[in-house]
Amino acid sequence: MQPLLAAALLLLVALATHRFGRQFGLAVEERAIVFGSLFFLPMQWLGVAAALGGGVSLSLPAALATVLGLFALGEFAASRATGAVSLAYPARAARMASEPRSAPLRLLQCGTVVASLIAVAALMIGFPRGFEGVAYHLPISVNSFRDGGLYIWDTAQMHTLPANQSLVTGFALQALPERLVSLLPWVIGLFAFWGLHRLCLACGLMPQTAGLLALGSASIPMFGFNALEIGADLGGLAFLLLAAALLIGSPHHRRLTVLLIGAACGLAYGFKPLHLIPSALFAVVLCADAAGVDVGVSPWRRAARALGAGGMFTIGFALTVGPWWLRGYWMFDNPFYPIHLPILSDLMHWPASPDFWKEHSADTQYEWVRSSLEWLVYPWVEWHFIEQNFKAHAGLGTFFAATIPPAWLAFSGALLAGAIAWCRRRSQVGTCWPARPLLLCYALGSFVLGLWFVLEDRQPRYTLAGIAFLLPLFGAFLERMPAKTRRRVEWLVSVSALGMLGVIMTLFLSKQLPHLSKGIPSRADYYEYPYALDRLPPGSTVLNLVGRNVNYMLYGEGLRNRVWSSTLLPYLGRLREDGSLSLLPEALRSRGVTHVYVSDGERRLLSGGCLNFEPVEIMSRNRYNGRPLPASRGVYRVTIACAVETQVLRPGPDA
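All of these numbers come straight from a predicted model, not from anything done at the bench.

## Some words on the overall build of the protein chain
Each helix and strand in the protein chain was counted, giving 24 helices and 9 strands. The buried share of the protein chain, taken over its 655 residues, is 54%. Looking at the protein chain alone, contacts between residues at least 24 apart form 73% of all its contacts between residues at least 6 apart. By element, 65% of the accessible surface of the protein chain is carried by carbon and sulfur atoms, the whole surface being about 28,400 Å².

## Side note on the pattern of salt bridges
Side-chain pairs of opposite charge can arise where the charged atoms are in close proximity. Applying the stated criterion across every chain, the model contains 15 salt bridges. For Asp-289, the salt bridge identified is with Arg-436, shortest N-O distance 2.4 Å. In this pair, Asp-289 is assigned in helix H13 (residues 276–291) and Arg-436 in helix H19 (residues 436–454), connecting sequence segments 147 residues apart. By relative accessible area, Asp-289 is classed as buried at 19%. Given the relative accessible area of 24%, Arg-436 is considered partly exposed. Its salt-bridge partner being Lys-391, residue Glu-367 comes within 3.0 Å of it at the nearest N-O pair. With Glu-367 in the loop between helix H15 (344–348) and helix H16 (378–381) and Lys-391 in the loop between H16 and helix H17 (397–424), the pair connects residues that are 24 residues apart, well separated along the chain. Summarising the burial analysis for this pair, Glu-367 and Lys-391 share the class buried. One salt-bridge network, in which partners are shared between bridges, spans Glu-132, Asp-233, Lys-272 and Arg-461.

## A few points about the environment of Leu-167
Structurally, Leu-167 can be placed in helix H6 (residues 164–175). A C-alpha to C-alpha distance of 6.1 Å links Leu-167 and Ser-141, two positions 26 residues apart in sequence. With near-sequence residues (within four places) excluded, Leu-167 lies in contact with Phe-40, Met-43, Gln-44, Leu-58, Phe-145, Leu-150 and Trp-324.

## Regarding the packing of helix H8 (residues 184–202) against helix H9 (residues 207–217)
At a closest axis distance of 9 Å, the pairing of H8 and H9 adopts a crossing angle of 145°. When the axes of H8 and H9 are compared, the crossing they make is right-handed. Two secondary-structure elements touch here, H8 through Phe-193, Leu-196, His-197, Cys-200 and Leu-201 and H9 through Pro-207, Ala-210, Gly-211, Leu-213, Ala-214 and Ser-217. Considering only residue class, the contact of H8 with H9 consists of 8 nonpolar, 3 polar and no charged.

## Overview of H17
With 28 residues, H17 should cover 40 Å at 1.5 Å per step; its first-to-last C-alpha distance of 41 Å lies within 8% of that length. For H17, the complete set of buried residues consists of Gly-397, Phe-399, Phe-400, Ala-401, Thr-403, Ile-404, Pro-405, Ala-407, Phe-411, Ser-412, Leu-415 and Gly-418.

## A word on the sheet that holds strand E2 (residues 562–564)
One key point about sheets: their strands pair by backbone hydrogen bonds, in either a parallel or an antiparallel sense. What the 5 strands build is an open sheet, ordered E2-E1-E5-E8-E7; its pairing is mixed. With partners counted over all chains shown, the strands left at the sheet margins are E2 and strand E7 (611–621), one partner each. Across this sheet, the average inter-strand angle for adjacent strands is 25°, counted without regard to direction. Relative to E2, strand E1 (residues 541–544) runs parallel, the two being bridged by 3 bridges. Bridge pairing in E2 links Val-542 to Val-563.

## Section: the environment of Leu-444
Relative to the helices and strands, Leu-444 resides in helix H19. According to the relative accessible area criterion, Leu-444 is buried, its value standing at 3%. In this structure the C-alpha to C-alpha distance between Leu-444 and Phe-469, which are 25 residues apart in sequence, comes to 6.6 Å. Ignoring any residue separated from it by four or fewer positions in sequence, one finds Leu-444 in contact with Ile-248, Leu-281, Phe-282 and Phe-469.

## Some remarks on unusual backbone geometry
Here the residue pair Tyr-337 and Pro-338 is connected by a cis peptide bond, since its omega of 10° sits within 30 degrees of zero. Note that Pro-338 resides in the loop between helix H14 (299–332) and H15. Although it is not a glycine, Asp-333 adopts a positive phi angle of roughly 60°. Assignment of secondary structure puts Asp-333 in the loop between H14 and H15. Unlike most non-glycine residues, Glu-528 shows phi in positive territory, near 60°. Mapped onto the elements of the fold, Glu-528 is located in the loop between helix H22 (523–527) and E1.

## Quick look at the packing of H17 against helix H20 (residues 464–479)
Interaxial distance between H17 and H20 falls to 8 Å at its minimum, and their mutual angle equals 75°. Comparing the axis directions of H17 and H20 gives the class roughly perpendicular. For the pair formed by H17 and H20, the contact residues are Phe-399, Phe-400, Ala-402, Thr-403, Ile-404, Ala-407, Trp-408, Ala-410 and Phe-411 on the first element and Ile-467, Leu-470, Leu-471, Leu-473, Phe-474 and Phe-477 on the second. Taken together, the residues that form the contact of H17 with H20 break down as 14 nonpolar, 1 polar and no charged.

## Looking at the side chain of His-159
Along the chain, His-159 falls in the loop between helix H5 (131–147) and H6. Contacts of His-159, omitting those with residues within four sequence positions, involve Ala-135, Tyr-136, Ile-140, Ile-152, Trp-153 and Asp-154.

## Thoughts on the confidence of the model for the protein chain
Detailed conclusions should not be drawn from predicted coordinates in areas where pLDDT is low. Per-chain confidence: the protein chain averages 85 in pLDDT, with 87% of residues scoring 70 or above. Under a pLDDT of 50 for its full length, residues 82–97 has, in the predicted model, 35 contacts with residues more than four places off or in other chains. Within the model, pLDDT remains below 50 along residues 649–655, and this stretch shows 18 contacts once partners closer than five positions in the same chain are excluded.

## Remarks on a nonpolar patch on the surface
Where nonpolar side chains cluster on the molecular surface, the patch consists of Leu-373, Leu-376, Val-377, Trp-380 and Val-381 and spans about 520 Å² of accessible area. Tracing the sequence through the fold places Leu-376 in the loop between H15 and H16.

## Concerning the packing of aromatic side chains
As enumerated under the stated definition, the model contains 27 aromatic pairs in all. With centroids separated by 6.1 Å and ring planes inclined at 90°, the aromatic side chains of Tyr-527 and Tyr-552 adopt a geometry described as edge-to-face. Of the two residues, Tyr-527 sits in helix H22 while Tyr-552 sits in the loop between E1 and E2, which places them 25 residues apart along the sequence. Residue Tyr-552 is classed as buried on the basis of its relative accessible area, which comes to 0%. Taken together, Phe-39, Phe-40, Phe-171, Phe-191, Trp-194, Phe-239 and Phe-271 form an aromatic cluster joined through their ring pairs. Over the face of the ring belonging to Phe-453 we find Arg-458, whose NZ or CZ atom lies 4.6 Å from the ring centre. Above the ring of Tyr-552, the side-chain terminus of Arg-523 is found at 5.0 Å from the ring centroid.

## Quick look at the nonpolar core
Leu-199, Ile-261, Phe-282, Phe-313, Phe-469 and Tyr-552 are the most contacted members of the largest nonpolar core, which has 148 residues in total. Considering each element in turn, this core owes the most residues, 12 residues, to helix H11 (residues 233–249). The contact partners of Tyr-552, leaving out residues within four places of it in the chain, are Pro-128, Val-134, Leu-138, Pro-139, Val-142, Leu-173, Glu-178, Arg-523, Tyr-527 and Leu-559.

## Digging into the side chain of Thr-160
Mapped onto the elements, Thr-160 comes out in the loop between H5 and H6. What makes Thr-160 buried here is its relative accessible area of 4%. Of the polar contacts made by the side chain of Thr-160, one reaches the backbone oxygen of Gln-157; its length is 2.8 Å. Among residues more than four places away in sequence, those in contact with Thr-160 are Ile-152, Asp-154, Thr-155, Arg-327, Phe-332, Tyr-337 and Pro-338.

Reading the values: the criteria
Counting restarts for each chain: residues are numbered from 1 in the order of the written sequence. Residues qualify for local features only when their pLDDT is at least 70, as the model is predicted, and side-chain atom pairs are given and counted only at 80 or more; totals for whole chains, interfaces and linings, by contrast, use all residues. Only heavy atoms go into the side-chain values, all of them from the structure, while hydrogens and water stay out. Runs of H or I in DSSP of at least four residues are treated as helices and runs of E of at least two as strands, each being numbered from the N terminus. Working definition: with a 1.4 Å probe on protein chains only, accessible area under 20% of the residue-type maximum means buried, over 50% means exposed, and in between means partly exposed. Two residues form a contact once any of their heavy atoms are found within 4.5 Å. Exposure was quantified through the Shrake-Rupley algorithm and a 1.4 Å probe, taking into account, for residues, occlusion by the shown protein chains and nothing else. Salt bridges are defined by distance alone: a side-chain nitrogen of Lys or Arg within 4 Å of a carboxyl oxygen of Asp or Glu. Orientation is described by axes fitted as lines to C-alpha atoms, over the contacting stretch for helices, and by angles from 0 to 180 degrees between their N-to-C directions. Note on convention: near helix rotated counterclockwise from far helix by under a right angle means a left-handed crossing. Clockwise means right-handed. Asp, Glu, Lys and Arg are counted as charged, while Ala, Val, Leu, Ile, Met, Phe, Trp, Tyr, Cys and Pro are counted as nonpolar; the rest, among them Gly, fall into the polar class. Take the number of residues in a helix, subtract one, and multiply by 1.5 Å to get its expected span. When DSSP finds two or more bridges between two strands, those strands count as paired. For classification purposes, an angle smaller than 35 degrees is called roughly parallel, one larger than 145 roughly antiparallel, one from 65 to 115 roughly perpendicular, and anything else oblique. Per-residue confidence from the predictor is given as pLDDT, running between 0 and 100. Patch criteria: residues need more than 30% relative accessible area and no salt bridge. Like-charged residues are merged within 9 Å; nonpolar side chains of Val, Leu, Ile, Met, Phe, Trp and Tyr are merged within 5 Å. Note on aromatic contacts: the rings of Phe and Tyr and the six-membered ring of Trp form a pair at centre separations within 6.5 Å, being stacked when their planes are under 30 degrees apart, edge-to-face when over 60 apart, and tilted otherwise. Counted as over-ring charges are cases with an Arg CZ or a Lys NZ within 6 Å of the ring centre that also lie within 35 degrees of the ring normal. Among buried residues, the Ala, Val, Leu, Ile, Met, Phe, Trp, Tyr and Cys ones that are joined through side-chain atoms within 4.5 Å form a nonpolar core. A 3.5 Å cut-off defines polar contacts: any pair of N or O atoms within that distance qualifies, except that in protein one atom must be a possible hydrogen donor and the other a possible acceptor, and neighbouring residues in sequence count only when both atoms are side-chain atoms.

Have a look at this one:
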């Protein structure tokens, strides 16, 4: 029944988007934003309202009914509208006629298609993967649709962030078999790369150049690996790129377009709050464009136009980000929780999550560089000191090194030359500066990367938006090169991208293909947990004492179990002076804990007193392929005989 309801919801959203698009003459980017808004808004508002005690429930039938009501309301409003609806869409920068696909582009297209087919086949042999996915996106997904609301499952900061990724993943779990859900990041990746392609077209690049850049960006490890793992990076980036395409495509925006740009920025924020920074820049640009520089318009009129544009952007943004702000303010007295905003949070006395800003955040950069100044040459050295060079959190690769740094430096030089020429000959200012779309891309990308460098927590993946904004600059220089030079550069870029795609696929398959040693693995074999977790009685609740990286697997086959994360240990017990851990029986009873999952290599489970632990199954090697595990893992049944605190865990000899 759930798959049918999910299909009906998608069809209704698509129908409403089509009808709305025809009625108001929406561009393809605007239609994509309308589709995303109609998909997310019902689940966001229903989930948050349920968490706040609003008497509703997050479920597919409720979301379907909400979309149906919005569709009927839209049809009624359209029928009551007077006057013709303008179908004019702001003209984009003129693009040159598309040339036939060049040999480098055809080669890159073929290589990308082959890599995609291999990735899809490899993903389908397993189950959803990625640290962030199994640690909190997927558990939030399961709990939200099971409990009927976006309740805070865990007080650790990552569980209190906006959860658009968890909503779309939860929807997929309702509609598809679990193996097919592993394809979801690949689909979201396609959406993000398409958004980058639309941004390049909005900047006036030829379709061939836009295709080269969009395909090449998939070879940047941070982009490519994110398309293979459950994560929130590419989903937010996709909506941000669509908003940027609408913003950059024309300086004259109708109110509906401004509203949709705000909605897209709000959806991006729902995936990653760091997109608040470019969203604020978008609002400033929209207000400046609305005010204009017309000689015959009074300053008051310009101010009114700017306020109108800012108001429409704010309305669209508030519609899609409002549920998260409401939940944060209601539960934590901070609409931006768990984030602490400089000045504003202090002024409003908004508390931040105690574990959001860590004291060692400034030192995280030393996983990739040896000094702060080394970031200036990082694309050409790619230092990495923890296990691997490339992953979803880091890695730029040869494509990035061959495109963005040279283009940024050349563009900066062009701006400097233009400024000098403007100082000498003011009458020729119009011929000195690059086109507006490229100026905006340069400004947006430079600001995002510059602010990232100023902030202490320099995770490379936080630069994804800045990288995407700067890519069109390289395309502009590429189209202005002589034919022979351009062809050579295209070959260089294509070969660089194919080389990095090969690296990405090799690293990915090295982790995925060992599961095929004896055929298609079961869920327990793929995640390497005891089979007993799949056979626990209905209503079983498992306390995870291993680590949050195993949260999702503990739900078992069919996702029937309930799970408490290891980050809740401070609420379930306390550490003694000798290093042992005491669990509180009353805390376990209040949370309905029936089983404990523990790694004996990390802690030794002891029975006695009021808490008794009966081993259900202990495994020391993967029975599917025979490989020994780093530490034995066990499932224990918990029996609580009284409400007296009892010492149950003590570090093992190897701890």
